Amino acid sequence: YLLDATQDPVKEVLGLTGQNGAPLVVDTVGGSSSTIDQALEMVRPGGQITKVGWFMKTTNTTLDTLIRKNVRLQGSFSHTHDMWKESINLISGGKINLKKMISKVLPLKDWRYGFELCYTRQALKVILKPEQD
């Protein structure tokens, strides 16, 4: 489920889950410790938080909630600066054709179908495009 960033994400998740919390929270925001605080509030006891976005600075977040709820906190890192530079060079040099990697282009409202195609390996890359007004 993707959250509307203009709403209170903790309230939204707790409302959707009958106040139980989400089994998995993926925090992709970097540069702010408030999102890890929110993740700790919205994850269910025994759940998992996967942190992808970098903090970029130290945080004053207490991990007491993590311990009290018995939550697993996992980091996810998959690239380096050199990898990005090499990827850009390969693409700009025409050695990688990105268009061949795109299996489908779908409207944003069909996100669930797009995710299912990728999950079942029926598609390599699905592009989701917001509808135009």
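Residues numbered from 1 in each chain as written. Predicted model: local features only at pLDDT ≥ 70, side-chain atom pairs only at ≥ 80, totals over all residues. Heavy atoms only, no water.

Looking at this structure, I do not really get the packing of helix H1 (residues 9–16) against helix H2 (residues 34–42). What am I missing?
In helix packing, the relevant descriptors are the interaxial angle and the interaxial distance, both defined with respect to the helix axes. Running from N to C, H1 and H2 point in directions that differ by 20 degrees, and their axes come no closer than 9 Å. The angle between H1 and H2 falls in the class roughly parallel. With respect to the hand of their crossing, H1 and H2 are arranged in right-handed fashion. On H2, the residues that touch Pro9, Val10, Val13 and Leu14 of H1 are Gln38, Glu41 and Met42. Of the residues assigned to the contact of H1 with H2, the class counts are five nonpolar, one polar and one charged. (Axes fitted to C-alpha atoms, helices over the stretch in contact; angles between N-to-C directions. Helix = DSSP H or I, 4+ residues; strand = E, 2+ residues; numbered from the N terminus. Parallel < 35°, antiparallel > 145°, perpendicular 65-115°, else oblique. Left-handed = near helix turned anticlockwise from the far one by under 90°. Contact = heavy atoms within 4.5 Å. Nonpolar A, V, L, I, M, F, W, Y, C, P; charged D, E, K, R; others polar.)

When you look at the environment of Asp64 in this model, what are you seeing that I'm missing?
Along the chain, the position of Asp64 falls in helix H3 (residues 64–68). Since its relative accessible area comes to 54%, Asp64 is described here as exposed. For the pair Asp64 and Asp110, spaced 46 residues apart in sequence, the C-alpha separation works out to 39 Å. (Buried < 20%, exposed > 50% of the residue type's maximum accessible area, 1.4 Å probe, protein only.)

How should I be thinking about the pattern of salt bridges in this particular structure?
Any two side chains of opposite charge can pair, given that their charged atoms come close. What the rule picks out here adds up to two salt bridges. One salt bridge in this structure joins Lys51 and Asp27, with 3.0 Å as the shortest N-O distance. Taken together, the residues span a long stretch of sequence, with Lys51 in strand S2 (residues 43–51) and Asp27 in strand S1 (residues 22–27) at a distance of 24 residues. Of the two residues, Lys51 and Asp27, neither departs from the other in class, the shared state being buried. Note that Lys109 is salt-bridged to Asp110, the shortest N-O span being 3.7 Å. What makes Lys109 exposed here is its relative accessible area of 60%. (Salt bridge = Lys/Arg side-chain N within 4 Å of Asp/Glu carboxyl O.)

Quick question: what am I supposed to make of the nonpolar core here?
Where a protein is soluble and globular, its nonpolar side chains tend to be buried together. One finds Val25, Met42, Val43, Ile49 and Val71 to be the most contacted residues of the largest nonpolar core, which totals 13 residues. Those elements that place two or more of their residues in this core are H1, S1, H2 and S2. If near-sequence neighbours (up to four positions away) are discounted, Ile49 is found in contact with Val25, Ile36, Ala39, Leu40, Val43, Val71, Arg72, Leu73 and Gln74. (Core = buried A, V, L, I, M, F, W, Y, C linked by side-chain atoms within 4.5 Å.)

Hey, could you run me through unusual backbone geometry in this one?
Keep in mind that most residues, glycine aside, have a negative phi and that most peptide bonds are trans. Positive phi, close to 55 degrees, is recorded for Asn70, a residue that is not glycine. Backbone geometry at Arg121 places phi at a positive 60 degrees, although glycine is not the residue there. Within the fold, Arg121 resides in the loop between helix H5 (111–119) and strand S5 (125–129).

From the geometry alone we can't say anything about function, so treat these as descriptive.
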